[in-house]
Each structure stands twice: as C-alpha cells, then as structure tokens.
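Structural features, examined
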Amino acid sequence: MDDVWGTTWTAAEINAATFGIYFAVGNNHNKQSSTASVDFIRVTVYYTPLPPTYDLTMAADPAEGGTATDLTAESPYAEETEVEIKAEAADGYRFVNWTAPAGTLDDDEAAEATFTMPGEDVTVTAHFIKQYDLTVDSTEGGLVTNPGEDTFTYDEGTVVDLVAEAEEGYRFDEWTGDVDTIADLSLIHISEPTRPY
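Residues numbered from 1 in each chain as written. Predicted model: local features only at pLDDT ≥ 70, side-chain atom pairs only at ≥ 80, totals over all residues. Heavy atoms only, no water.

Some thoughts on the overall build of the chain
- When helices and strands are counted, the chain shows 1 helix and 12 strands.
- Scanning the chain from its N terminus toward the C terminus, one meets helices and strands in the order α-β-β-β-β-β-β-β-β-β-β-β-β.
- In the chain, buried positions account for 23% of the 197 residues.
- Relative to all contacts within the chain whose residues are 6 or more apart in sequence, the contacts with residues 24 or more apart total 53%.
- Surface exposure of the chain reaches about 14500 Å², of which carbon and sulfur atoms provide 48%. (Helix = DSSP H or I, 4+ residues; strand = E, 2+ residues; numbered from the N terminus. Buried < 20%, exposed > 50% of the residue type's maximum accessible area, 1.4 Å probe, protein only. Contact = heavy atoms within 4.5 Å. Areas by Shrake-Rupley, 256 points an atom, 1.4 Å probe, with all protein chains shown as cover.)

Structural data, given as structure tokens:
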C-alpha cells in the first residue's frame, strides 16, 4: 500500500474515469488485530484556470502569390504569445509585407517575422506582388542607355523609362516588340512602384 500523503495529481488524472482514492488503516507493528476510526477526511482539488486563447489564421494575398505559415503551429494562443511566421513567394512573385488588424509584428517587411498575439482572433496576411522580366536590346547603330541592354525583373506596375542613344552617323528609328505601353521616350528616370499595402 502506497502512502499518498502530499501527493498531487494532474488534471488529466483527476478527470479520468478510473480515478479514485482508497483509504485503509493498518497495524504494522505486531500481528494483533486492532481497530481504528477515522472521523474526518477531506480531499481538496485545486484547479488553475487557463488563460483564454485566440485563433491565429494565416492568409496570402493574392492566394496564388505564395504561402503564409505559422511556424510555431500551436494555435490557439494566449494573448501576448510570440508566434514565428514565414512567407514564401511563388514563382513569378515577390513578398512585399505583412498586415494584421490587431497584434504586433517585429518587422512587417521581413519574410520571417515574429507576431505577438492580441486578445482576439486575428488573421495575419502576407502580401505578394507579381513580377515580370523586361528584355532590352538594340540593333547596330546605337544602344539603350537606360536601363541598359539585358533582362531586368520588375514588379507589376513599375514604370521603366527607356532611353535609346544613336551612334554617330545613325539616328533613332523606332522601338519594336511589346511596345504598346511605351509613352515618352525622352525620360531617363526609373520610378519604383508605390508600396501597395
């Protein structure tokens, strides 16, 4: 028979269907029989309340732009819990930033960041932007000085200013290729797109 004085049990043990306590009184000093009486026994069970928890939902915008992952993977979380999150862009996209209507991010522009849970259910969204390659070259008699002659990758919506320069004895004739969106060819400044989020 085990002495259970001072023993503590877990919540799972107490709530189990097989949980019970058996009390017995015995005389271990001799073989004579003896009688003992117990006037009062009290068993006190203490429960520690758990803090409320809240759901964390991860989302990607657009959905085909990549994935947003809760690396901690233990949702729901208590308020002020720090959660490790990660964004991965799909082919042809670039991660831009994180947004959330509540809670805080240690760095909203880092693909791997730490998010601190608010006291409510929350969705954290990773934003991605589509990217495209622009290939620029020229024929004999000149060159493209801006952005140069190569293949360049730009975010969707980026305005790229093209500048062609003719060599001596030549003059600029025309642009060919996918030129439907070419406007003023005299500009030499490349403007980056405004952060969309």
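Concerning the side chain of Thr 114
- With respect to the helices and strands, the residue Thr 114 is situated in strand S8 (residues 112-116).
- Among the residues examined, Thr 114 registers a relative accessible area of 15% and is labelled buried.
- Among the polar contacts made by the side chain of Thr 114, one reaches the side chain of Glu 84 at a distance of 3.0 Å.
- Beyond its immediate chain neighbours, meaning those up to four positions away, Thr 114 contacts Glu 82, Val 83, Glu 84, Thr 104, Leu 105 and Asp 106. (Polar contact = N/O pair within 3.5 Å; in protein donor to acceptor, adjacent residues only side chain to side chain.)

So, the environment of Leu 105
- Residue placement: Leu 105 occurs in strand S7 (residues 104-105).
- Sequence separation between Leu 105 and Glu 84 is 21 residues, and the spatial gap between their C-alpha atoms is 9.9 Å.
- Dropping the residues within four chain positions of it, Leu 105 is found in contact with Ile 85, Trp 98, Ala 113, Thr 114 and Phe 115.

Remarks on the confidence of the model for the chain
- Predicted confidence across the chain gives a mean pLDDT of 83, with 76% of residues reaching 70 or more.
- This stretch, residues 185-196, has a pLDDT under 50; its non-local contacts, to residues over four places away or in other chains, come to 25 contacts. (pLDDT = per-residue confidence, 0-100.)

Brief notes about unusual backbone geometry
- Of note, the amide linkage connecting Asp 61 to Pro 62 takes the cis form, showing an omega dihedral of -5 degrees.
- The omega torsion of the bond from Asn 146 to Pro 147 falls at 5 degrees, within 30 degrees of zero and hence cis.
- Here Pro 147 lies in the loop between strand S10 (142-146) and strand S11 (151-155).

Points about the sheet that holds S7
- In spatial order, the strands read S3-S5-S8-S7; together these 4 strands make up an open sheet with antiparallel pairing. Every interior strand has two partners, whereas the edge strands, strand S3 (66-70) and S7, have only one.
- Judged from the 5 bridges that link them, strand S5 (residues 82-89) and S8 form a sheet pairing that is antiparallel. Each residue of the ladder has a partner; that of Glu 82, found in S8, is Thr 116. (Pairing = 2+ DSSP bridges.)

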